[in-house]
Amino acid sequence: MVPLDYYLILSAIVFAIGVVGVLARRNLIVILMSIELMLNAVNLTFIAFSRFLGSMEGQVAVFFVMAVAAAEAVIGLAIIISVFRQRQSLDPEEMQLLKW
Amino acid sequence: MVASDPGVATYDLLRWIPLIPLLGSVTNVFLGQRLGRRNAGLLGCAAVGASLAIAAYVFFQLSPAGLFRDPIYTWFESGSFKVNLSLQTDALTSVMLLIVTGIGFLIHVYSLGYMGHDEGMVRFFVYLNLFIFFMLLLVMADNLILLFVGWEGVGLCSYLLIGFWYEDPNNTIAGNKAFIVNRIGDFGFLLGIFLLVTELGRQGIWTLDFAELQKHVQMLSPASIGLITLLLFAGATGKSAQIPLFVWLPDAMAGPTPVSALIHAATMVTAGVYMTARLHFLFALAPATLSLIAWIGAATAFFAATIALTQNDIKKVLAYSTVSQLGYMFLAVGVGAFSAAIFHVFTHAFFKACLFLGAGSVIHALSGEQNMRNMGGLKSYMPKTYWTYVIAALAIAGVPFTAGFFSKDLILWRAFSHGAMLLWGIGLITAGMTAFYMFRQLFMVFHGQCRADSHAKAHLHESPSAMTLPLILLAIGSIFSGWLGAPEYLWGSAWDRWLQPMFGAVEHHGEAGTEIMLTLLTLAVVAAGLFWAYLKYGRAGAQIAEDSENVFYRLSLNKYYVDEFYDAVIVRPFTACSRFLAQIIDPRLIDGTVNGIAALARGLGWVARGLQTGNVQHYLAGFLLGTLVLLAYYIGQL
């Protein structure tokens, strides 16, 4: 059986990729995808612990996260489309109206 | 009328005495222009006339020891401290009521003629009626707070009427001066009231009702009574124009002449005397304050009289004369002769009002001329004014069997029998000077050659009967009002009998023989003053138009430079200080502090707003950083 550490390290790597994607990319769609990466990294951790501890609670949490992620993807994409129609651009650098 | 205890009765007619003039004033505010000048004036006269009728009616129902009360409602209360809006009339108030409404009525009628040509006549009667209201409130108040309301109210009306012809900035300045100088005195007065409340309150008595005060006055310590009376007297020096606050009264002559007669001679300026008489039970317990009052009164009487000797403005002479006569009243108060002081208030109201109205009649006839050097010989042009003026001048000089003779001699006699020889001596010399300056004025205005220019001469006329009738009535009063207070060696004093329950029996020190001797001495001094005035100003060929180079003459003519002194010592440093505050402290320190705090906030904001880029990714980076820090912290804890 693959030891727990492997799952956790993989999960940490995926999460870090997601973080870098959210912070560094210049396209809203990629940023949204990076958020999904982070969520799935967390899901992986949940599942791993669930399996190793023999408890179902981790899986319950994963289902919640997947439901929320689906809703978030829907709303997020709708907002992105709306923003794109307004500005013909998806660069978050240009979305700076909310400052002083 | 429901009698609750003997001598004290509730009587709700009292409230109408001040209320009717107030209604007259308010009516004229709203309807005066529509009624027209003449009707508005008649309304004003009628309102005061109605007050006079009620006051007289009340007077005849009152017994000397009696007291009518009209509690209208409780004004405010705090714990056991309660101030009522309630009026009262006792022997003292009833006398003041008759003076205020009686003289006030005559002066209202006179104003019909005097102000008849003036555009602002409606406004004039509004102010005049309002003044009568406040003055009546002052004398009818049954507690110190309400008295203070009246006190401030008459000050306000005085200010409004001095600056009545506001187009001339000098009149406005004179009004301001009167108001500000009075404010200084009133500040002392108010402090006195506060001190009285707290000192009595410390003994568990929270009250300012005169009757209650009189009952509990013994509980105060002598030191606090001394301080309280001193502060209250500071108020009186302002309102009644005593040293050191007398400077506003001569300037107050900028107002129309009926105002000078009513407010600045007969009624308002005597409010200080009334206040001390009303609180006589308090002042009687403060011998040090009383002797200070006596000295200030005597000094004021003397110095004002010396200034009056050389003035050339017809109203200024009378103004300084008023200050001087008020000094006599305070001299009487200071030697404990409250009844004599109020008696002089009473007689002085008649002859000084008569003199002012006579002067007004002259000014009116000469189309506004006030310099006595441009008058002269008016005797034949205006006989009624002349003869009433003569009678009033004789009365103020104290010629036997005129009002001033009785009241002034009474004061001098009381000062003498009190043992205050020096005060008596000052009063005696002042009596001589009074005779001199009054007859100097009489000769300059009515005798000799007419020195008016041809234009004024062409318009010379006797005043209309609305003006001469009050003059005649006041002249009659200038003689007979004094007969009420005759000395014991003649027919005795009805006045003292009337006020005896109020101030206690008059103690008769000394003998009638001494009193007669002193009276003869006074008469000799008065005759000397009169004769001197004739020599200097009455003879044919008298040098009227020239100033003497004598140093005393110059001092007197320039009013001892008191105004200049105050200007240099108080007004200028104060203005400089204010200017410093306004131009340096206010913009630099005050504004600087406020603006500095604002600039600080802006600076901090300028630093902090760099963090707010509006870029979501930057915020997220911060978010991550925070999470990492917290994480590191918790891991460190493990």
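### Some remarks on the overall build of chain B
Item 1. Helices and strands together make up the secondary structure of chain B, namely 25 helices and four strands.
Item 2. Taking the principal axes of the C-alpha coordinates as reference, chain B spans close to 115 × 65 × 55 Å.
Item 3. Here chain B holds 638 residues, and the buried ones make up 50% of them.
Item 4. Counting only contacts in chain B whose residues sit at least 6 apart along the sequence, the fraction spanning at least 24 positions is 80%.

### Looking at the interface of chain A and chain B
Item 1. On the chain B side, the residues contacting the ten residues of chain A number ten residues.
Item 2. When its residues are assigned to classes, the side of chain A that touches chain B shows seven nonpolar, one polar and two charged.

### Thoughts on the domain arrangement of chain B
Item 1. On domain assignment, one finds that chain B holds domain 1 (1–238), domain 2 (351–545) and domain 3 (566–637).
Item 2. Class assignment of the residues belonging to the side of domain 1 of chain B that touches domain 2 of chain B gives a composition of eleven nonpolar, one polar and one charged.

### Structural notes on the pairing of strand β4 (residues 81–89) of chain B
Item 1. Relative to β4(B), strand β3 (residues 67–78) of chain B runs antiparallel, the two sharing nine bridges. By the bridge assignment, Pro71(B) is partnered in β4(B) with Ser86(B).

### Let's talk about helix α2 (residues 37–61) of chain B
Residues and elements named next belong to chain B.
Item 1. With 25 residues, α2 ought to run about 36 Å at 1.5 Å a step, and its terminal C-alpha atoms sit 37 Å apart, in line with that.
Item 2. For α2, the complete set of buried residues consists of Arg37, Ala40, Gly41, Leu43, Gly44, Cys45, Ala47, Val48, Ser51, Leu52, Ala55 and Val58.
Item 3. On its buried side, α2 packs onto α1 (16–35), β3, β4, α3 (91–114) and α4 (121–140).

### Brief notes about the confidence of the model for chain B
Item 1. Of the residues in chain B, 97% have a pLDDT of 70 or more, and the chain-wide mean is 90.
Item 2. In the predicted assembly, ipTM is 0.84 and pTM is 0.80.

### Let's talk about the packing of α2(B) against α4(B)
Between two packed helices, the angle of one axis relative to the other and the distance separating the axes together describe the packing.
Residue and element names in this part refer to chain B.
Item 1. Axis separation between α2 and α4 bottoms out at 8 Å; the angle between their running directions is 10°. It follows that α2 is roughly parallel to α4 by the angle criterion. Where α2 crosses over α4, the two elements pack in a sense that is left-handed. When α2 is examined against α4, the residues Arg37, Ala40, Gly41, Gly44, Ala47, Val48 and Ser51 are found in contact with a partner set consisting of Met121, Val122, Phe125, Leu128, Asn129, Ile132 and Leu136.

### As for the environment of Phe164(B)
All names here are of chain B.
Item 1. With respect to the helices and strands, the residue Phe164 is situated in the loop between α5 (144–162) and α6 (169–202).
Item 2. For the pair Phe164 and Thr237, spaced 73 residues apart in sequence, the C-alpha separation works out to 24 Å.
Item 3. When sequence neighbours within four positions are dropped, the list of residues in contact with Phe164 reads Gly120, Phe124, Gly255, Pro256 and Val259.

### Regarding the environment of Ser86(B)
Residue and element names in this part refer to chain B.
Item 1. Within the secondary structure, Ser86 is located in strand β4.
Item 2. A residue is classified by how many C-beta atoms lie within 10 Å of it, and Ser86, with 21 of them, is buried.
Item 3. Put simply, Ser86 and Asp209 are 123 residues apart on the chain and 9.7 Å apart in space, counted from C-alpha to C-alpha.
Item 4. In contact with Ser86, other than residues within four places in its own chain, are Arg69, Asp70, Pro71, Ile72 and Asp142.

### Observations concerning the nonpolar core
Residue and element names in this part refer to chain B.
Item 1. Within the largest apolar cluster, 202 residues are counted, with the highest numbers of intra-cluster contacts made by Leu331, Ala341, Ile342 and Ala353.
Item 2. Composition of this core by domain shows at least three residues from each of domain 1 (1–238) and domain 2 (351–545).
Item 3. Here Leu331 is in contact with Ala294, Gly297, Ala298, Ala301, Ile411, Ala415, Leu423 and Gly427, once residues within four sequence places are set aside.

Conventions and cut-offs
- Think of each chain on its own: its residues are numbered from 1, step by step along the sequence as written.
- Chain A is the first chain written and ligand 1 is the first ligand written, with later ones labelled in order.
- Where local features are concerned, this predicted model is filtered to residues with pLDDT of at least 70; where side-chain atom pairs are given and counted, the filter is 80 or more; whole-chain, interface and lining totals use all residues.
- The helix and strand labels rest on DSSP assignments: H or I over at least four residues marks a helix, E over at least two residues marks a strand, and numbering proceeds from the N terminus.
- Using C-beta atoms placed from the backbone, we call a residue buried if 20 or more other C-beta atoms fall within 10 Å of its own, exposed if 12 or fewer do, and partly exposed for counts in between.
- With C-beta atoms placed from the backbone, a contact is any residue pair whose C-beta atoms sit within 7 Å.
- Three classes are used: nonpolar for Ala, Val, Leu, Ile, Met, Phe, Trp, Tyr, Cys and Pro, charged for Asp, Glu, Lys and Arg, and polar for all others, with Gly counted as polar.
- Start and end points for every domain follow an automatic or database-based domain assignment.
- In this description, strands pair whenever DSSP reports at least two bridges between them.
- A helix's residues, less one, multiplied by 1.5 Å, set its expected span.
- Every residue gets a pLDDT, meaning the predictor's confidence in that residue, from 0 to 100.
- Simply put, an axis is a line fit to the C-alpha atoms, just over the touching stretch for a helix, and the angle between two N-to-C directions goes from 0 to 180 degrees.
- Roughly parallel refers to an angle under 35 degrees, roughly antiparallel to one over 145, roughly perpendicular to one between 65 and 115, and oblique to any angle outside these ranges.
- By the definition used in this description, the sense in which the near helix is turned from the far one sets the handedness, with an anticlockwise turn below a right angle giving left-handed and a clockwise turn giving right-handed.
- For our purposes the nonpolar core covers buried Ala, Val, Leu, Ile, Met, Phe, Trp, Tyr and Cys residues that link as a set through C-beta atoms within 7 Å.

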